[in-house]
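Chain and residue survey
One-letter residues, chain by chain:
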Amino acid sequence: MEEKDLKQLVAAMSLEEKALQLTQFPVYEWEGHASAVVTGMSNYGNISCDDLWKSGTTLNAPDGETVLSVRRRRREKGIDDPFLVMFDVIHGYRTIYPVPVAMACSFHTELIEDCACLAATEAKYDGVDLTFSPMVDLVRDARWGRVMESGGEDPYWSGEVGKAMIRGYHRGGIACCVKHFAGYGAAEAGREYNTTDISERNLREYYLPTYRACLEEDPEMFMSSFNLLNGKPILGHKEIVVDLLRKEWGFDGVLISDYGAVDEMRNHGYCATGKECARVAIESGLDIEMASPDYVRYLPELIREGTISEEKVDECVLRVLKLKNKLGMYEAPERYTDLKKRDEVTLSEEARVLVRRAAEESCVLLKNNGALPLKEEENIALIGPFADSKEIIGTWQAMGRCEESVSVKEGVEHLLGREVPCAGGCSGMLFSGDESAIEDAVKLASRADHIIACVGEHMSNSGEAHARADIRITKVQRKLIERLYTLRKKLTLVVFGGRPLVLSDVEKYADAILYVWQPGTEGGNAIANLLYGKAVPCGKTVMSFPRSTGQCPVYYNCFATGRPRKNDLPTMLGGDSWTTGYDDECNSPLYPFGHGLSYAKFEYEELRLSRETLARGGKLTARVKVKNVGSVDGTEIVQWYLHDEFASVVRPLKELKGYERIFLKAGEEKEISFTITEETLKYYTDSGEYAAETGAFEVFVGGNSRDCLKAGFQLVDGE
Ligand code: GLC
């Protein structure tokens, strides 16, 4: 339809119809369906079911059958407005791939895009028009449960992950929504829904760039976040949601609230009434109120009394109709909903192959003293709560079903063609400390030569509303690992988690640690392939692994401080006195951002710069030789970091500026180059301009953010 036609549709609507077009509730609120995915508390007050039928969009439809039924019954009720269906397709729809923080560890944008395309394909045939993804909140605190949905602690790379997901969703045929705008990941103390306080500088430097980057891929929607930001709910920050998002960035898509967040402005103590919530939201250009009733209840009244203009509301309604129009819903209101095709493509062998590869590339080999890869003839035992668990697909699993996943035991036995001894030993859930099965597990393990302990965090203990104040592996699992260690066998830990867990208590017992995050439907097959070397680990962690919860937040792109500690020891164990640090802990993480081992072995040498000075407008090329000195072919993620040594606003010790995935056969060597220009060096200087300042810079290159080669150069004004 032409825009003029859309405007006529808006003009023909009553005030009540306009308010309903801007209101979204889960479809199960009025078309009851037991199997629906619930992602929040209901708060629709006394809106009549008749009215709910007229709402312009919905979320969380349980299946395509319900979508078709609701669309048909709307038409029968004389409602000819197309009905747009949204859903949280976060890391797969029915065929589930690793949680986003794991996918980010692959540093493989094509793979991320292909998986998003798969998810979109399965979802669109089942009636989904738009996904509430990508989530690109910058995260630094592993106590926060939603780090599992993120792209990690680096703003550049997290933005690249979000862009790849958007490309995949669009290629697969659904629209998407960048969330949670803005700064939700900075929740104080990692506590869910907690206050955020982010300086203007940190917003610009760290917390906003990922959302800005996603705009390059034309997302259809943004979602405003729950968090209080600098004393106001985000919808109270017109300088962000209007001046920055709409005017400076030019976003003209739909802005939707998070679940109930409009009315929650009363809980925040920002609005005294629901009516005030509606006024604040509409004046901030919020187009759709999700799961709270203030627009329906108060917009008509606010217009009639002249508090807000009908034109302001019409702008919002028009944006929603333009979204439906962009998706072709006026010509084809069913869009792609096609249950026959859904059943053909869903959970196909091709889908399984793709998500298995995704899991293989997302796992991170944190430690290996040579215990891995396993030899097929080795006498192993699988021990631990996740050794034979199918509950490994992660939260936000959409239509994924644990029973369709492959456990580690199933994957290993499939690969070996024989049964392997297995015992759970204990639960993997928080607060379940039953130790009664430990000794039986230890006894079974005593007959093996190599123990594979599958431990970590249950999938239900991460994700939304699952922050943790202690992110160690649970006490009973630590007890199990300690007991296994006394057997003096080779011990490999396969660790599941939606966040970087604290592994310091168990790291010393392990010959190898393979971090598998929440690996999805094909998790067991992928882990088996990695354990036996059918696949070679190449993942690099996108979040620092704290040594202890007390270090949180810990992240690589931090500052030197005025008293840097050179020897990285706890003060009580010889750490430099009167320098930045702890009495009882190191400053460094257990495993740094960018860390991940392989069965290959990569050595970096001869970092050379094409020039020692870079003139504005010129370019400088850094070159390094990377050699696979191992006996196994493998993939390495070469990482390039920069440090602006002296600046009008202090710069982080390292900032990731580029990376390159390279495959090297055993013994092969490649020269890798990275081009640096003035643009690479720009940041928001003290004067507020986005510019590069002359002076000394360091360039680092390596296979992680800690162990790097370094070279220096100067940015100068003249030639
Ligand atoms: C939830 C989440 C958001 C999700 C929305 C709809 O509370 O915060 O990420 O997209 O509600 O389920």
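Residues numbered from 1 in each chain as written. Predicted model: local features only at pLDDT ≥ 70, side-chain atom pairs only at ≥ 80, totals over all residues. Heavy atoms only, no water.

1. Structural notes on the overall build of the chain
When its secondary structure is counted, the chain shows 21 helices and 26 strands. A compact globule built from 719 residues would reach a C-alpha radius of gyration of about 27 Å, and the chain, at 26 Å, matches this within 12%. C-alpha extents for the chain along the principal axes are approximately 75 × 70 × 45 Å. Burial analysis of the chain (719 residues in total) assigns 62% to the buried set. With the model as given, the accessible surface of the chain reaches about 26,200 Å², and the carbon-plus-sulfur share is 48%. (Helix = DSSP H or I, 4+ residues; strand = E, 2+ residues; numbered from the N terminus. Rg over C-alpha atoms; globule rule 2.2 N^0.38 Å. Buried < 20%, exposed > 50% of the residue type's maximum accessible area, 1.4 Å probe, protein only. Areas by Shrake-Rupley, 256 points an atom, 1.4 Å probe, with all protein chains shown as cover.)

2. Some words on the pattern of salt bridges
Counting across every chain of the model gives 69 salt bridges. Among the ionic pairs, R661 bridges to E361, the shortest N-O distance being 3.2 Å. In this pair, R661 sits in strand β21 (residues 655-664) while E361 sits in helix α16 (residues 349-362), placing the two residues 300 residues apart along the sequence. The buried category is assigned to E361, whose relative accessible area is 11%. Notably, a salt bridge pairs R616 with E678, separated by 2.7 Å at the nearest N-O pair. Here the residue R616 occupies a position in the loop between β18 (613-615) and β19 (619-628), and E678 occupies one in the loop between β22 (669-677) and β23 (683-684), the gap between them amounting to 62 residues. Relative accessible area serves as the criterion here: at 31%, R616 is assigned to the partly exposed category. Given the relative accessible area of 19%, E678 is considered buried. Among the charged side chains, a salt-bridge network with shared partners connects R71, R75, D129, E334 and R335. (Salt bridge = Lys/Arg side-chain N within 4 Å of Asp/Glu carboxyl O.)

3. A few points about the site of the ligand
By nearness alone, 14 residues border the ligand, and T39, D88, R146, H180 and D258 come closest of all. In the model, an oxygen atom of the ligand is placed 2.8 Å from a nitrogen or oxygen of the K179 side chain. Note that an oxygen atom of the ligand is positioned 2.6 Å from one of the side-chain N or O atoms of D258. Here the shell around the ligand is composed, by residue class, of 7 nonpolar, 2 polar and 5 charged. (Near = heavy atom within 4 Å. Polar contact = N/O pair within 3.5 Å; in protein donor to acceptor, adjacent residues only side chain to side chain. Nonpolar A, V, L, I, M, F, W, Y, C, P; charged D, E, K, R; others polar.)

4. What to know about the domain arrangement of the chain
Domain parsing of the chain yields domain 1 (3-340), domain 2 (353-530) and domain 3 (602-716). Taking only C-alpha atoms into account, the centre of domain 1 sits 38 Å from that of domain 3. Tallying the contact residues gives 11 residues for domain 1 and 13 residues for domain 3. Summing both partners gives a buried area of about 1,000 Å² for domain 1 against domain 3, and 54% of it is carried by carbon and sulfur. On the domain 1 side of the interface with domain 3, the three residues burying the most area are F107, Y156 and R201, jointly 50% of the side's total. Our count for the contact surface shared by domain 1 and domain 3 stands at 1 salt bridge. Ionic pairing is found between R651 and E205, a salt bridge with its closest N-O pair at 2.9 Å. (Domains from an automatic or database assignment. Contact = heavy atoms within 4.5 Å. Buried area = accessible area lost by both parts, 1.4 Å probe.)

5. Thoughts on helix α4 (residues 64-76)
Counted at 1.5 Å a residue, the expected span for α4 with its 13 residues is 18 Å, and the 18 Å between its end C-alpha atoms agrees. Turning to α4, its buried residues are G64, T66, V67, S69, V70, R71 and R74. Trailing α4 by a residue or two, G78 shows a phi angle of about 80 degrees, which is positive. (Expected span 1.5 Å × (residues − 1).)

6. A word on the pairing of strand β1 (residues 23-26)
Side chains of β1 alternate between two faces, with T23 and F25 and Q24 and P26 buried alike. Across 2 bridges, the pairing between β1 and strand β10 (residues 289-290) is parallel. The residue of β10 that forms the bridge with T23 is E289. In this sheet, strand β2 (residues 57-59) lies alongside β1 in parallel orientation, the contact comprising 3 bridges. Each residue of the ladder has a partner; that of F25, found in β2, is T58. (Pairing = 2+ DSSP bridges.)

7. Quick look at the sheet that holds strand β15 (residues 490-496)
Strand order in the open sheet formed by 6 strands is β11-β16-β15-β14-β12-β13, and the pairing between neighbours is mixed. A single partner strand is all that each edge strand has here, and the edge strands are β11 (364-368) and β13 (422-423). Alignment of strand β14 (residues 450-456) against β15, held across 7 bridges, turns out to be parallel. Opposite A453, over in β15, you have L493 as the bridge partner. The strands touched by helix α18 (residues 438-445) within the sheet are β12 (380-383), β13 and β14, with β12 carrying the most contacts at an inclination of about 165 degrees. Across the sheet, helix α19 (residues 475-485) lies against β12, β14 and β15, angled at about 170 degrees from β14, the strand it touches most. (Axes fitted to C-alpha atoms, helices over the stretch in contact; angles between N-to-C directions.)

8. A look at the packing of aromatic side chains
Scanning the model with the defined rule gives 22 aromatic pairs in all. Between F181 and Y211, the aromatic rings sit 5.2 Å apart at their centres with planes inclined by 90 degrees, giving edge-to-face as the arrangement. Here the residue F181 occupies a position in strand β5 (residues 175-181), and Y211 occupies one in helix α9 (residues 209-214), the gap between them amounting to 30 residues. Note on accessibility: F181 and Y211 belong to one class, buried. With centroids separated by 5.3 Å and ring planes inclined at 15 degrees, the aromatic side chains of W640 and F674 adopt a geometry described as stacked. With a gap of 34 residues between them, W640 in strand β20 (residues 634-644) and F674 in strand β22 connect regions that are remote in the sequence. (Phe/Tyr/Trp six-rings, centres within 6.5 Å; stacked < 30°, edge-to-face > 60°.)

9. Let's talk about the packing of helix α12 (residues 274-283) against helix α13 (residues 294-304)
Their axes nearest at 9 Å, the elements α12 and α13 cross at an angle of 80 degrees. Between α12 and α13, the angle is such that the two are roughly perpendicular. Residue-level contacts link G274, K275, C277, A278, R279, A281 and I282 of α12 to D294, Y295, Y298, L299, E301 and L302 of α13. Looking at the contact of α12 with α13 residue by residue, the class counts come to 8 nonpolar, 1 polar and 4 charged. (Parallel < 35°, antiparallel > 145°, perpendicular 65-115°, else oblique.)

10. Points about the nonpolar core
Counting 163 residues, the largest nonpolar core has F132, F181, I383 and L503 as its most contacted members. Looking at this core, the element that brings in the most residues is helix α6 (residues 109-125), giving 8 residues. With 29 residues, the next largest nonpolar core counts V412, V420, C454 and Y532 among its residues. (Core = buried A, V, L, I, M, F, W, Y, C linked by side-chain atoms within 4.5 Å.)

11. A word on unusual backbone geometry
As a rule of thumb, non-glycine residues mostly have phi less than zero, and peptide bonds are mostly trans rather than cis. A cis amide bond links K179 with the next residue in sequence, H180, at an omega value of -5 degrees. Tracing the backbone through its elements, the reader meets H180 in strand β5. Across the junction of F181 and A182, the peptide omega takes the value 10 degrees, indicating a cis bond. On the secondary structure map, A182 appears in the loop between β5 and α8 (200-207). In this model, F107 sits at a positive phi of 45 degrees, which is unusual for a non-glycine residue. Of note, F107 is situated in the loop between α5 (100-105) and α6. Owing to a relative accessible area of 0%, F107 belongs among the buried residues under this scheme.

12. Focus on the pairing of β14
The element β14 is largely enclosed, with a buried count of 7 among its 7 residues. Residues H450, I452, C454 and G456 of β14 are buried on one face, and the alternating residues I451, A453 and V455, pointing to the opposite face, are buried as well. Looking at chain direction, β12 and β14 are connected through 4 bridges and run parallel. By the bridge assignment, L382 is partnered in β14 with I452. Chirality of the crossover, the property in question, places the unit of β14, α19 and β15 among those that are right-handed. (Right-handed = clockwise from strand over helix to strand, strands pointing away.)

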